[in-house]
Each structure stands twice: as structure tokens, then as C-alpha cells.
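Observations on the model geometry
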Amino acid sequence: MNLMHERLKTVLYPLITFAVLLAVWEIAIRVFKVPNFILPTPVSVVQALYRGYVEGLYWQHFFFTLQSMLFGYLLGCTLAFMLGCLFAESRTFERMLYPFVVALQSMPKVALAPLIIVWFGFGIESKIVMVALVCFFPMFINTAMGLKHTNPALLDLMNAFSASRWHILTRIKIPSAAGHIFAGLQIAIVLGLIGAVVAEFVSSTKGLGHLINASAVNLETNTMFAALLSLAVLGILGSQVVRLLHAKVVFWDKQASSQAIVSE
Amino acid sequence: MSDILLQADKLAVTYTSTRGPVVALQDLSTRLHQGEFLSVLGPSGCGKSTLLKVVAGLLRPSGGSVTLAGAPITGPRPDVGIVFQQPTLLPWQTVLDNVLLPVRTLGMDLAAGRDKAMQLLKLVGLDKFARHYPNELSGGMQQRVGIARGIIHDPTLLLMDEPFAALDAMTREHMMLELQRIWMATGKSVVFITHSIPEAVFLSDRIAVLSARPGRTIREVEIDLPRPRTLATMADPRFTEICNELRALFTDLVKFD
């Protein structure tokens, strides 16, 4: 009974905040007579959303962004995971790459967006590459660091039991690093969405980022807000899926999965 | 007590650290007979664990030799089992799978290994916990899983590196009794590293006493207390006498420093 009460509160209280926010928004527009092209009323945003998703105009944009996000994320994270393993396992590889990793890491990847458009065109390919690029680094660093932080006693033990290098990597190091790896996946999904939107800003004919850009020209602020809300939904959906997977896969480390929520 | 299983002769290990070379072991000689329980007793930082790593084949000695069953140790061997101070279990595997780890790494028959693992879990009193995960177990239970894992592949030699050091005093006493029972049931030869005098006296057939760093054998003591030893043994005057002798030895050592 008490637990139910607590749960109700966790759902109810944010809703109260939301309602107050909407009210203040609506009242502010009426009192200060803010024109619609500066700040739309909540009602007109809902209208835009209705038109967009029920009449169907937004779906193509939504799926375009979702697709570039999904493929880019998978591509970037898979590559980063494999290279991260190589980096952690091979001292030579690490020595060869380390200075470049540090240099590239401190560079804002979104600044590469125009160049990527030049190389990969205006279509979805350039968006996928952009997302992959942005996802790569957090995943790469987290994988490599996680693997390198395996408990040395565990490695001694495995060596004493004549375990092969492959066995140690796949059965010991990777599960040990699972917490780090999932933290990387969590950061990558958030950054990936940013990458997708930036690439669409630079040049695109589709996508939620394009929708925002296009409606800015016509001062259709209600459409912009509708697109922003859609992006928020995409972002929340993405991180929730990763979070759920984290808790399911790394079932033995309950603390770590809750920490990742905070760190992200 | 006839055939010698393990023989260390003038063993020396030197580490290179940022402050120059560190001599961890020097001129260490000792031996272990088939089926014997040998404790290596010494102050902390005397290179006890270094000795264990050399015997486990994880570390190359810089001088002298160690032979196991007549052959020099050149790397990890399947006839050696090891138990560390921390249980170092895999948290993502069940107790049963943790015990089966050496069976997997050594490529032994898994079905037969499973039966053996269940027998061993019964021996350490954890057969009901085979499907549990390590974090559902207490420290003492985890260490018993570690012991079962150390002997699953039927090694002739079991190495134990302060396996009870991380446990509380009551669990420790209980584990001493347990270990004696397991040892008597399996007949393994054991090298047991410890810095606890009563623990060494209670468990061992023989104790090799190491000096402070660089570690070398300064004394070997045969423990002739009858087996099986019980908690009452610890109140035995002979037990106290041996403990006191050893303690006196360490007091001298500390003065020596």
C-alpha cells in the first residue's frame, strides 16, 4: 500500500511540474501578448503534433532520423568495440594509435559535419557516418579502459589455470568491462542523436533536424517545438532501451547500472 | 613421507621497480613431500606470495631452481591448483560454473567435471548453492567455492595464498577445521602461505619460516600434533609451546630489522 503510494508520487509529481509549466507558458503568452512566431502556445504545438503524426507528415522525418541514428549507432559502436579490444590487447597497436586517439578525442566531432556531407552526399549515408563518428569515441575509450581495468588477481588465476588469451578476453575481460562498455553505449546514444541532428542541419531534405531548420525559415515555431519534442522522445527511448539492456545483461552488478544513469 | 614433490633450491627473485631492483627472495630452499601440508610463515612483505607465484609458474625466478615432480617449473601447469586471498570468483557465473572454470580452461570433459564439481561442492558443504551467484554467498562460503575450484582438476599440488586472511575470526577458525577435513579427505599436497602463527601450527605437518625481505628460509619446524586436530587442540600445551617458539623467532626477526 505504501509502496503504491510512493510509486504514484514518482509519477504524479513530475506531471504536476509539467502542468504548472504549461500553465505559466500559456498565461505568459496571453499576458505579455507574445506573437505566435516568437513563442507558440501549447495548444498550437499540440495541433502541430496532431497534424504531423495523425495526418502523417512527420513520420517520414521521424523515421529518417531514427534510421540514421540506429544504423550509425550500430556501426560506430561495433567498430569502436572491436578497435577498443585491439587497443587494450596489443601494446604495439596502443603505442601506434595513442597520440591520435588523444588528439581526435579533444576535437569536436560535429565540426566535421560539412566535410562529411561533401564526402558522403546529402542522403542518409552522410547522417549515418556522422552518427557513427560521434558514437565511436565514448564507446572506444570505455571499452579499452574497461578491459584494461580487469582485476589483476583474476588474470593471475586464469593464467595459473592455463587459460588461452582468447578465453581470457571473451570470458573474463569483456564481462568484467561490461559496466564500462554499457556506460559507453549510454553516452554514445545521447551523442549520436546530436550527431544526427547536426548533420541534418548542415544539409538534408528529411529528418527532424531538417524539419526544425526548414520551419525556422518560415518562423513556424510550433512546428519547431513539435520536432523538438519528437527528438526528446527519440532520445529518451534510446537511453531507456540501453538502460534496460544494461540492467538485464550486467545483472550481477546492480550498483553499476544505477551509476550509469547518474553519469550520463 | 618419502618422495619429494616440490623442491626449491637457492631460489632468488629480483623485481625491477622504478627505484631500482628489489630483492624479494634470496637463497630460499625448501621441499614438500607427497601428501604433506606445508605452511610458509613469514612477516608481511617477506615475499611469501612471490614464492607462490613462482611455484604456480606465473613468475620466472632470477636465480636457483624449483622442480615439481622432478621437472623444472617453466609455466602454469595443469597439475597445480591455486586459491587466492580474495575468492576472485566470476560474479556473472553460478557457483557451479565457477568451480568448473579450470575444467573449461584445461579442456577437460565437461560432463565428468560437472559430477566432480557437485561432489566437491558437497565436500565443502555448498551443494545446495550450486545454482546461486557468488554475491548471494558470504565471504567464507565464497572462499570455500574457491577451494573447490582449486582442486576440481585433481591437481597433485594445491597452492593457497593466505586464503583466510580476508575472513573474520570466527569464520576463520571454522574454515581451518574445514580445510583440514578437505585435505584429509582428498590427500592433496598443500603449500599454504600465511602470516598467522596459530593457523600455520594448527594446519601444518611442517612450517617453513621465512625472514623479512629478502625472504629466505630461516627455520623449518615439524608439527607433530596428532590428527585430526580440533578446536581443543588449540588449548593443548604443546600447541601453545610451538606457537610461543615461533613467536619468539619473529620477535628476534623484528629486532634484527
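The rules behind these values
Residues numbered from 1 in each chain as written. Chains lettered and ligands numbered in written order. Predicted model: local features only at pLDDT ≥ 70, side-chain atom pairs only at ≥ 80, totals over all residues. Helix = DSSP H or I, 4+ residues; strand = E, 2+ residues; numbered from the N terminus. Buried ≥ 20, exposed ≤ 12 C-beta atoms within 10 Å, placed from the backbone. Contact = placed C-beta atoms within 7 Å. Rg over C-alpha atoms; globule rule 2.2 N^0.38 Å. Expected span 1.5 Å × (residues − 1). Pairing = 2+ DSSP bridges. Axes fitted to C-alpha atoms, helices over the stretch in contact; angles between N-to-C directions. Domains from an automatic or database assignment. Nonpolar A, V, L, I, M, F, W, Y, C, P; charged D, E, K, R; others polar. pLDDT = per-residue confidence, 0-100. Parallel < 35°, antiparallel > 145°, perpendicular 65-115°, else oblique. Left-handed = near helix turned anticlockwise from the far one by under 90°.

The next point concerns the overall build of chain A. The helix and strand inventory of chain A stands at 12 helices and zero strands. When its helices and strands are written in sequence order, chain A yields α-α-α-α-α-α-α-α-α-α-α-α. By its C-alpha atoms, chain A is 75 × 60 × 30 Å across when sized along the principal axes. Put simply, chain A has 264 residues, and 37% of those count as buried. For chain A, restricting intrachain contacts to residue pairs at least 6 apart in sequence, the fraction spanning at least 24 positions comes to 77%.

A tally of regular secondary structure across chain B gives eight helices and 10 strands. Taking 257 residues into account, the globule formula puts the C-alpha radius of gyration at 18 Å, and chain B, at 18 Å, falls close to it. Expressed as lengths along the three principal axes of its C-alpha atoms, the size of chain B is roughly 50 × 45 × 40 Å. Relative to its 257 residues, chain B shows a buried fraction of 39%. Here the analysis covers contacts within chain B between residues at least 6 apart in sequence; of these, 71% occur between residues at least 24 apart.

This brings us to helix H6 (residues 169-186) of chain B. All names here are of chain B. Between its first and last C-alpha, H6 extends 26 Å over 18 residues, near the 26 Å set by a 1.5 Å rise per residue. Buried residues along H6 sit in contact with strand S3 (37-41), helix H4 (110-123), helix H5 (139-151), strand S8 (189-194) and helix H7 (197-203). Just past H6, the residue Gly187 takes up positive phi, approximately 70°.

Another point: the sheet that holds strand S10 (residues 217-222) of chain B. Backbone-to-backbone hydrogen bonds join strands into a sheet, with any given pair of strands oriented parallel or antiparallel. Residues and elements named next belong to chain B. Strand order across the open sheet formed by six strands is S6-S7-S8-S3-S9-S10, with mixed pairing between neighbours. Single-partner strands in this sheet number two, and they are strand S6 (80-83) and S10. The average undirected angle you get between the axes of adjacent strands in this sheet is 15°. The sheet contact formed by strand S7 (residues 157-161) and S8 spans five bridges and is parallel. Each residue of the ladder has a partner; that of Met160, found in S8, is Phe192.

Right, let's talk about the domain arrangement of chain B for a bit. All names here are of chain B. The assigned domain composition of chain B is domain 1 (4-79 + 156-256) and domain 2 (89-154). In this assembly, 14 residues from domain 1 lie in contact with 12 residues from domain 2. It is H6 that contributes the most residues to the side of domain 1 that touches domain 2, seven residues altogether. Taken together, the residues of the side of domain 1 that touches domain 2 sort by class into nine nonpolar, three polar and two charged.

Turning to the confidence of the model for chain A, a few remarks are in order. All names here are of chain A. Looking at chain A, pLDDT values average 89 and 96% of them are 70 or higher. The spread of mean pLDDT over the elements of chain A runs between helix H12 (residues 254-263), the lowest at 49, and helix H3 (residues 59-89), the highest at 95. Taken together, the stretch residues 259-264 has pLDDT below 50 and engages in 10 contacts with residues farther than four places along the chain or on a different chain.

Residues and elements named next belong to chain B. Pairing analysis gives five bridges linking strand S9 (residues 206-210) to S10, with the strands arranged antiparallel. Among the inter-strand pairings, Ala208 is bridged to a residue of S10, identified as Glu220. Taking the residues between adjacent antiparallel strands as the criterion, S9 and S10 are bridged by six residues.

The next subject is the packing of helix H10 (residues 208-217) of chain A against helix H11 (residues 221-249) of chain A. All names here are of chain A. Relative to each other, H10 and H11 sit at 165°, their axes nearing to 9 Å. Viewed along their axes, H10 and H11 adopt a mutual orientation that is roughly antiparallel. Two packed elements cross with a definite hand, and for H10 against H11 that hand is left-handed. Where H10 approaches H11, its residues Leu208, Leu211, Ile212, Ser215 and Ala216 are matched on the opposing element by Thr223, Met224, Ala227, Leu228, Ser230 and Leu231. Across the contact of H10 with H11, the residue classes break down as eight nonpolar, three polar and no charged.

The next point concerns the interface of chain B and chain A. With 16 residues of chain B at the contact, the number on the chain A side is 15 residues. Tallied by class, residues from the side of chain B that touches chain A come to 12 nonpolar, four polar and no charged.

The subject of this paragraph is the sheet that holds strand S4 (residues 63-68) of chain B. Residue and element names in this part refer to chain B. Spatially, four strands are ordered S2-S1-S4-S5 in an open sheet, and the strand pairing comes out antiparallel. With partners counted over all chains shown, the strands left at the sheet margins are strand S2 (20-33) and strand S5 (71-72), one partner each. When strand S1 (residues 4-17) meets S2, the two strands line up antiparallel, connected through 10 bridges. When the sheet's bridge partners are listed, Tyr15 is paired in S2 with Val22.

What follows deals with the environment of Gly47 of chain B. Residues and elements named next belong to chain B. Within the secondary structure, Gly47 sits in the loop between S3 and helix H1 (48-55). Judged by local crowding, Gly47 falls into the buried class, with 27 C-beta atoms found within 10 Å. Once the C-alpha coordinates of Gly47 and Val23 are considered, the two residues, 24 residues apart in sequence, prove to be 9.0 Å apart. Excluding residues that lie within four positions of it along the chain, Gly47 makes contacts with Val13, Ala24, Leu25, Arg213, Pro214 and Gly215.

A word on unusual backbone geometry. All names here are of chain B. Cis geometry is adopted by the peptide bond preceding Pro228, which originates at Arg227 and carries an omega value of -5°. Its location among the elements puts Pro228 in the loop between S10 and helix H8 (237-256). Even without being a glycine, Asp27 presents a positive backbone phi close to 50°. Turning to its location among the elements, Asp27 is positioned in strand S2. In this structure Asp27 comes out as partly exposed when scored by C-beta crowding, with 14 C-beta atoms within 10 Å. A positive phi angle, close to 55°, is found at Asp154, a residue other than glycine. Residue position: Asp154 is located in the loop between H5 and S7.

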